[in-house]
Amino acid sequence: MQRKQPVKRAPIILKNIRDKQNDNNSEGKLLRRILVSGLLSILLILVIIYTIPDTILTTSSLIEYATIVALIIFLFVLLFRYFAILVMAYMYVNEYTYKSTARFFPFVSIIVPVYNEEKVVVDSVKSLLELDYSNYEIIIVNDGSTDKTKEVAETLVGYQKGLRGNIKVSLINKPNGGKSQALNAGIKHSKAEIVLCMDGDSQLTPNSINVAVRHFTNPEIGAVAGNVKVLNRGKLFTDLQALEYIEGLNMARSAQSFVKLVNIIPGPIGLFRKRAIEEAGYYSSDTFAEDADLTLKILANGWKIYYEPNSISYTEAPEKLPQLLKQRYRWTRGILQSIRKHKKLMFNPTINFGDTFILWTMFYEALIWPAMNIAANLFFIIAAVFFGFTSLIFFWWAGLAFLDLVTALYCVAVEKEEFRLVGYSLIYRMFFILIIDVSKLMSTIEEFLGVRMTWGKLERVGASR
Amino acid sequence: MELIPILSTIILVATISTFILAIGAYILYKVREAKEVRTTVPKPAEVKGELVTPAAGQEQFPVYAEKSSGYASQRQPIFMSQEKQASQAKFTPQPQQYNAEKSKEAAVASERSRVKSTGSKFLKYTSEGYVTPQEDSKKTGALKWR
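Since the model is a prediction, treat every value here as computed from it, not as a measurement. (Residues numbered from 1 in each chain as written. Chains lettered and ligands numbered in written order. Predicted model: local features only at pLDDT ≥ 70, side-chain atom pairs only at ≥ 80, totals over all residues. Heavy atoms only, no water.)

### A word on the overall build of chain B
Where we set the bar: Only DSSP runs of H or I with at least four residues qualify as helices, and only runs of E with at least two residues qualify as strands; both kinds are numbered from the N terminus onward. For every residue, the accessible area (1.4 Å probe, protein chains only) is compared with the maximum for its type, and the residue is labelled buried under 20%, exposed over 50%, or partly exposed between those bounds. Residues are treated as being in contact if the distance between any of their heavy atoms lies within 4.5 Å.
Helix and strand counts for chain B stand at 4 helices and 5 strands. Each helix and strand of chain B, placed in order from N terminus to C terminus, yields the pattern α-β-β-β-α-α-β-β-α. Within chain B, buried positions represent 26% of all 146 residues. In chain B, 0% of the contacts between residues at least 6 apart in sequence involve partners at least 24 apart.

### A word on helix α13 (residues 390-415) of chain A
Formally: One less than the residue count of a helix, multiplied by 1.5 Å, gives the span that helix is expected to have.
Under the 1.5 Å per step criterion, the end-to-end length of α13(A) is 38 Å for 26 residues, consistent within 8% with the ideal 38 Å. Residues of α13(A) that are buried include every one of A:I393, A:F394, A:W396, A:L400, A:A401, A:L403, A:D404, A:T407, A:A408, A:C411, A:V412 and A:E415, and no others.

### What about the packing of helix α10 (residues 321-341) of chain A against helix α14 (residues 425-449) of chain A?
Residue and element names in this part refer to chain A. This is how it is decided: To get an axis, fit a line to the C-alpha atoms, keeping to the stretch in contact for a helix; angles then go from 0 to 180 degrees between the N-to-C directions. In these notes the angle categories are as follows: under 35 degrees is roughly parallel, over 145 is roughly antiparallel, 65 to 115 is roughly perpendicular, and the rest is oblique. Helix crossings get a hand from a simple test, with the near helix turned counterclockwise from the far one by less than a right angle marking a left-handed crossing and a clockwise turn marking a right-handed one. Gly falls in the polar group here, along with every residue not listed as nonpolar (Ala, Val, Leu, Ile, Met, Phe, Trp, Tyr, Cys, Pro) or charged (Asp, Glu, Lys, Arg).
Two elements in contact, α10 and α14, have axes whose closest approach is 9 Å; the angle formed by their N-to-C orientations is 50°. Considering their axes alone, α10 and α14 lie oblique with respect to each other. Viewed along their axes, α10 and α14 form a crossing whose handedness is right-handed. Contacts between α10 and α14 involve L321, L324, L325, R328, Y329, T332, R333, L336, Q337 and R340 from the former and F432, I435, I436, S439, K440, S443, T444, E446 and E447 from the latter. Residue classes in the contact of α10 with α14 are distributed as 8 nonpolar, 5 polar and 6 charged.

### Things to note about the nonpolar core
Residue and element names in this part refer to chain A. Using the following cut-off: Nine residue types can take part in a nonpolar core, namely buried Ala, Val, Leu, Ile, Met, Phe, Trp, Tyr and Cys, and a core is a set of them joined through side-chain atoms within 4.5 Å.
If you look at the biggest cluster of nonpolar residues, it comprises 133 residues, and the most contacted ones within it are I110, Y136, I138, I140, I209, L271 and F272. Among the elements that make up this core, the one with the highest residue count is helix α12 (residues 353-387) (12 residues). Not counting residues up to four positions away in its chain, the partners in contact with L271 are I194, V195, L196, I209, A212, V213, F216, G222, A223, V224 and S311.

### So, the packing of aromatic side chains
All names here are of chain A. Stated precisely, the cut-off is as follows: Centre distance within 6.5 Å is the pairing criterion for rings of Phe, Tyr and Trp, where only the six-membered ring of Trp is used; planes under 30 degrees apart are then read as stacked, over 60 as edge-to-face, and the remainder as tilted. Cation placement over rings: the criterion is NZ of Lys or CZ of Arg within 6 Å of the ring centroid and within 35° of the ring normal.
Counted according to the given criterion, the structure contains 20 aromatic pairs over all chains. Each ring, one from Y364 and one from W369, has its centre 6.0 Å from the other, and the planes form 45°; the classification is tilted. W369 carries the same exposure label as Y364, and that label is buried. The structure contains a cluster of three or more aromatic residues connected by ring pairs, namely F74, Y364, W369, F379, F380 and W396. When the ring centre of Y82 is taken as reference, the NZ or CZ atom of R81 above it lies at 5.7 Å. The cationic tip of K188 hangs over the ring face of Y282; the distance from NZ or CZ to the ring centre is 4.9 Å.

### Re the pairing of strand β4 (residues 158-162) of chain A
Residues in a regular strand project their side chains so that they alternate between the two faces of the sheet. Residue and element names in this part refer to chain A. Quick note on the threshold: In this analysis, strands are considered paired if DSSP registers two or more bridges between them.
The element β4 is extensively covered by neighbouring structure, given that 4 of its 5 residues are classed as buried. The sheet contact formed by β4 and strand β5 (residues 165-174) spans 5 bridges and is antiparallel. Residue pairing for β5: Y159 is matched across the bridge by K168. The hairpin turn running from β4 into β5, its antiparallel successor, is 2 residues long.

### So, the packing of helix α2 (residues 59-97) of chain A against α13(A)
All names here are of chain A. One can describe the packing of α2 onto α13 by two numbers: an axis separation of 12 Å at closest approach and a directional angle of 10°. Regarding the angle of α2 to α13, the classification is roughly parallel. Across the interface between the two elements, L71, F74, L75, L78, L79, Y82, L86, A89, Y90 and V93 of α2 pack against W396, L400, L403, D404, T407, Y410 and V414 of α13. Residues that form the contact of α2 with α13 fall into these classes: 15 nonpolar, 1 polar and 1 charged.

### Description of unusual backbone geometry
All names here are of chain A. In the Ramachandran plot, K260 falls in the positive-phi region, its phi being about 55° despite a non-glycine side chain. Even without being glycine, Y282 reaches a positive phi, approximately 60°. Structurally, Y282 can be placed in the loop between α8 (274-280) and α9 (290-300). Judged by relative accessible area, which is 14%, Y282 ranks as buried.

### Structural notes on a nonpolar patch on the surface
Residue and element names in this part refer to chain A. The test is simple: Exposure above 30% relative accessible area and the lack of any salt bridge qualify a residue for a patch; like charges then connect within 9 Å, and the nonpolar side chains Val, Leu, Ile, Met, Phe, Trp and Tyr within 5 Å. Computed by Shrake-Rupley with a 1.4 Å probe, the accessible areas treat only the displayed protein chains as cover when residues are assessed. A carboxyl oxygen of Asp or Glu within 4 Å of a side-chain nitrogen of Lys or Arg is what we treat as a salt bridge.
On the surface, a cluster of nonpolar side chains totalling about 710 Å² of accessible area is made up of L378, I382, V385, F386, F387, F389 and L392. Considering each element in turn, the nonpolar patch owes the most residues, 5 residues, to α12. The residue L378 is located in helix α12 in this model.

### Some words on the confidence of the model for chain B
Residues and elements named next belong to chain B. The condition is simple: Values of pLDDT, which run from 0 to 100, indicate the predictor's confidence residue by residue.
Here chain B averages 65 in pLDDT, and 40% of its residues register 70 or above. Considering only residues more than four positions removed or in separate chains, one finds that residues 62-91, a stretch of pLDDT under 50, has 52 contacts. Interface scoring of the predicted complex returns ipTM 0.75; its pTM is 0.75.

So, in structure tokens, the structure goes:
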């Protein structure tokens with residue numbers, strides 16, 4: 001990388017996107033919600049108590065039957081979900097393998113929003129200069145960092161030597177306003193037709209742009225989601241997350257890509273047609289999952305979104321449990337906020353059926369699925385502790401572990417990932433997913449009650465150093 | 001002792017511990033978060049920022065750009081200023097929803113206008129669409145004596 005070069009400074013005015021005021025935290029609304037849900041629950045219990053003498057069931061047998069029926073439904077849904085995702089992901093991979101690639105090199109602006117990323121911003125930009133693509137520029141957006149990020153980023157401004165020539169690196173310094181505002185500032189400054197949005201701590205692999213931009217030859221494609229992988233591996237939590245990214249997130253994205261309806265373009269790597277972002281009204285700050293919100297807005301405008309597995313971005317995953325919980329808490333609440341924002345599309349499939357389908361799957365994954373998993377685990381714990389059916393929990397674990405093992409083997413083979421990650425599938429569901437699901441359920445309750453939340457910031461360690 | 005009861009006990013203990021760990025960690029996270037001082041500042045309509053770009057005169061670095069077509073090995077160095085680089089965006093096709101009816105109508109309209117401009121009364125339908133008899137005779141390549 002070249003030393004500090006002479007730079008030109010110019011003051012700019014950045015207009016903030018006006019978001020709708022979120023009035024969900026009002027106490028009146030909260031009390032009304034609690035009251036209505038409480039009354040409905042009491043009504044349901046009364047109906048059951050009143051009607052049970054007319055049936056052949058006793059109260060205890062009703063609980064037993066209800067639990068067994070719920071478990072069978074859960075098992076059916078679980079298997080259906082797994083196989084549907086696996087089949088669609090396989091069909092996508094099959095289609096992907098046989099698709100020819102065209103040579104297409106549009107100008108791309110890479111937007112790198114940074115907030116207190118002094119440890120990792122240089123590595124991020126270095127990884128961008130090694131991209132196997134010539135027609136691009138880098139725009140770093142310093143979102144009012146309080147550490148030395150500004151000074152470090154200024155040393156990067158200039159024409160830096162890239163793999164295929166000199167790459168222009170610019171910097172926008174702005175007061176702190178959140179990631180979405182930082183990305184918006186970069187996108188508005190960009191003159192390119194295609195923008196690549198990423199995180200300040202992410203690192204792209206050399207062919208990330210090359211393989212992703214070709215999908216934009218299809219005029220229906222509004223965005224391309226990249227493949228996110230965990231950079232800082234070698235610890236229990238980060239390895240489990242590495243497996244989760246491959247097995248849980250990427251496989252689901254492949255399945256969604258089969259119908260070109262990817263529901264979340266990940267923050268660490270996403271390529272957008274600038275017009276699609278403009279039509280969607282840029283990133284909003286009224287949810288905590290700005291990437292999910294923008295994706296839903298793009299889909300609502302009729303654009304298709306594709307997933308490119310070879311467009312890889314390495315990102316630092318939380319290494320400690322509190323950090324992981326903080327991240328998942330934000331993701332869950334953000335997704336629920338995005339779903340609520342687009343609820344019109346959820347209940348009216350005539351507007352955009354694809355969007356309705358995607359919103360229901362998001363709702364299921366964020367709310368119903370974790371609740372079902374926790375309920376099933378609680379059932380087996382109660383059955384073992386109070387009724388002595390200890391072996392049931394073993395068979396339950398064995399069944400799920402086998403399912404996870406097969407899925408992990410498939411995903412690791414498809415992504416050509418580290419084989420050792422397959423071993424983690426044995427504790428993946430009973431340990432990792434249970435923790436994540438408890439966090440998801442708590443976040444859902446808080447979101448329902450309208451508890452205030454803050455963005456939070458993960459501690460970065462600069463794993464690539 | 002049989003294996004299944006031992007494994008069952010291990011899994012049971014692990015599951016209960018995980019539950020306790022998850023709920024405990026969550027409570028701890030909420031307690032820590034509550035301690036943090038939070039202030040909600042209303043967002044202004046616009047903020048002042050600073051744009052730092054490379055100084056003028058640096059644009060003329062030789063940039064090795066790929067051609068829009070051809071093989072990767074056939075790259076040639078070309079001089080490319082910032083403006084030129086930006087103009088390459090024109091290669092991106094204008095995104096538009098495909099509408100079979102519209103495209104058909106557009107094709108028919110262009111055909112009509114083309115035929116109108118020729119001023120011919122009669123048209124001949126060929127595999128290449130409607131053409132005037134003059135055009136058709138040219139294409140069929142009637143024999144000419146040298």
